[in-house]
Amino acid sequence: MPPTLVAVAVGALLGVALLGSAFDRRSLTLVVVAAALPDLDAALALVVPGAANALLHTLFVPLAAAVALYYDTELRAASWLRSRYGRYGVRVAWVAVAAYAVAGIGLDLFNVDSAAVLYPLSDRYYAIIGKLVLSTQEGVVQTYVSLGDGWLEVASPGTVGDHHVESWLDPGDGQRRLRLADSGWQAALVATAAAAVPAKFLARRAEANGRTARTGRGEGGDR
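A quick note: this is a predicted structure, and the numbers were derived from the prediction, not measured.

The next point concerns the overall build of the protein chain. When helices and strands are tallied, the protein chain shows six helices and four strands. In the protein chain, the order of α-helices and β-strands from amino to carboxyl end is α-α-α-α-α-β-β-β-β-α. Dimensions of the protein chain, computed from C-alpha atoms along their principal axes, come out at roughly 75 × 45 × 45 Å. Of all intrachain contacts in the protein chain linking residues separated by at least 6 positions in sequence, the fraction that spans at least 24 positions is 63%. Entry remark: accessible area of the protein chain is about 13200 Å², with carbon and sulfur atoms responsible for 61%. When the 19 positive and 19 negative side-chain charges of the protein chain are each reduced to one mean point, those points stand 17 Å apart.

Set out below in structure tokens:
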């Protein structure tokens, strides 16, 4: 599976892009933790065989969180989350759910190591891998999914019972490696997140200083 550092980087970029006025150290930390959380099932696999990329990589986790969040913030007369943390808490919660689904699960689903996204209803791993090409001779060509027997088919390396997902805690060859980035694009992604986060903090600080300066002038601070 892609290194957890890459999931953290994608989560950080989602936080930079989506948190808006709720962006601060605490909210970014929560979003990044949500992005990394699914990879904890690699540790759970030591006591629950087949849990890696399954137990916490199921789409039912973010789906249940999204349903509960929508019910609390949109359908209840008095939202617990909104009354306790205001619009800030609601915004952070939604971005954290997005980070869990996109960075935590999506990166593994669109990877050869795959993810059991329908677990426990299905114990099969799925891997959406392929290419999307626009050709002057063949038109649009995509190999991510195929049509067979009237159903969309996605590549699957096996089930939780016969497919081993390697991790630092449970390597397939017995040699433990702490993987930080497996390719150039992953390293570039991590570097982009490392630059974007401090840039966002600097932009927020400059914006706050600008508001303070305008307020001071409005109250006679330029006299």
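Back to the write-up after that little detour.
This brings us to helix α4 (residues 60-75). The set of residues buried in α4 consists of P62, A66, L69, D72 and T73. Down the axis, α4 shows its buried residues gathered within 140° of arc, on one side only. Facing away from the buried surface of α4 by more than 90 degrees, the exposed residues are V67 and L75.

A separate point is the packing of aromatic side chains. A complete count under the given rule lists two aromatic pairs for this structure. Look at W80 and Y85: their rings are 6.3 Å apart centre to centre, the planes differ by 75°, and that puts the pair in the edge-to-face class. Directly above the aromatic system of F201 lies the positively charged group of R25, at a separation of 5.2 Å from the ring centroid.

Packing of α4 against helix α5 (residues 80-109) brings their axes to within 10 Å, and their N-to-C directions diverge by 160°. Classified by the interaxial angle, the pair formed by α4 and α5 is roughly antiparallel. Relative to α5, α4 is oriented so that their crossing is left-handed. For the pair α4 and α5, the contacting residues are V61, P62, A65, A66, L69, Y70, D72, T73 and E74 in the first and W80, L81, R82, V90, A93, W94, V97, Y100, A101 and I105 in the second. Looking at the contact of α4 with α5 residue by residue, the class counts come to 15 nonpolar, one polar and three charged.

A contiguous nonpolar surface patch, about 490 Å² in accessible area, is contributed by F60, L63, V67, L118 and L121. With respect to the helices and strands, the residue L63 is situated in helix α4.

What follows concerns the layout of surface pockets. One number sums up the size of the largest pocket: a volume of about 340 Å³. Lining the largest pocket are 17 residues, and of these M1, T4, D39, W168 and L178 sit closest to its centre. Broken down by secondary-structure element, the contributors of at least two residues to the lining of the largest pocket are α1 (4-18) and α3 (41-44). When the residues that make up the lining of the largest pocket are grouped by side-chain class, the tally is twelve nonpolar, two polar and three charged.

Moving on, we get to the pairing of strand β1 (residues 132-135). Across four bridges, the pairing between β1 and strand β2 (residues 139-142) is antiparallel. Directly across from L134, in β2, lies its bridge partner V140. Between β1 and β2, which pair antiparallel and follow one another directly, the connecting turn spans three residues.

Here we take up the confidence of the model for the protein chain. Per-residue pLDDT for the protein chain averages 90, and the proportion of residues at 70 or more is 94%. Across the protein chain, helix α2 (residues 25-36) holds the top mean pLDDT of 98, while strand β3 (residues 145-148) sits lowest at 77.

Mapped onto the secondary structure, A188 falls in helix α6 (residues 184-218). Spatially, the C-alpha atoms of A188 and V67 are 34 Å apart, while their sequence positions differ by 121 residues.

About the cut-offs
All residue numbers here refer to positions counted from 1 along the written sequence of the relevant chain. Since the coordinates come from a predicted model, pLDDT governs what is reported: local features require at least 70, and pairs of side-chain atoms require 80 or more to be given and counted, while whole-chain, interface and lining totals use all residues. Side-chain metrics in this entry use all non-hydrogen atoms of the structure; hydrogen atoms and water are not considered. Only runs of H or I of at least four residues qualify as helices and only runs of E of at least two qualify as strands under DSSP, and these elements are numbered from the N terminus. In this description, contact between two residues means that some pair of their heavy atoms is separated by no more than 4.5 Å. Exposure was quantified through the Shrake-Rupley algorithm and a 1.4 Å probe, taking into account, for residues, occlusion by the shown protein chains and nothing else. Neither His nor the chain ends contribute to the count of charged residues, in which Lys and Arg are positive and Asp and Glu negative. For the purpose of locating charges, the reference atoms are NZ of Lys, CZ of Arg, CG of Asp and CD of Glu. Three labels apply to residues, based on accessible area from a 1.4 Å probe with only protein chains included: buried if under 20% of the type maximum, exposed if over 50%, partly exposed otherwise in between. Within this analysis, the arc is defined by the directions that extend from the helix axis to the C-beta atoms. Classification of ring pairs uses Phe, Tyr and Trp, with its six-membered ring standing for Trp, and accepts pairs whose centres are within 6.5 Å; under 30 degrees between planes counts as stacked, over 60 as edge-to-face, and the remaining range as tilted. In this analysis the charged atom, NZ for Lys or CZ for Arg, is taken to sit over a ring once it is within 6 Å of the ring centre and within 35 degrees of the ring normal. Axis lines are fitted to C-alpha atoms, over the contacting stretch for helices. Their N-to-C directions set the angle, which ranges from 0 to 180 degrees. Each angle is binned into one of four classes, with values under 35 degrees roughly parallel, values over 145 roughly antiparallel, values of 65 to 115 roughly perpendicular, and all other values oblique. For any pair of crossing helices, the crossing counts as left-handed if the nearer helix is rotated counterclockwise from the farther one by less than a right angle, and right-handed if it is rotated clockwise. The nonpolar class holds Ala, Val, Leu, Ile, Met, Phe, Trp, Tyr, Cys and Pro. Asp, Glu, Lys and Arg form the charged class, and all remaining residues, Gly among them, are polar. What goes into a patch is any residue over 30% in relative accessible area without a salt bridge, connected to like charges within 9 Å or, for nonpolar side chains (Val, Leu, Ile, Met, Phe, Trp, Tyr), within 5 Å. A pair is scored as a salt bridge if a Lys or Arg side-chain nitrogen falls within 4 Å of a carboxyl oxygen belonging to Asp or Glu. For cavity detection a 1 Å grid was placed over the protein atoms alone, and a set of points counts as a cavity when a 1.4 Å probe fits there but cannot get out; an open set counts as a pocket when protein lies on both sides within 12 Å along at least five of seven lines, with lining residues being those that have an atom within 4 Å of a point. Grid points are joined across faces, edges and corners, and a volume is the space filled by probe spheres set on the points. For two strands to count as paired, DSSP must find a minimum of two bridges between them. As a per-residue quantity, pLDDT reports the predictor's confidence and falls between 0 and 100.

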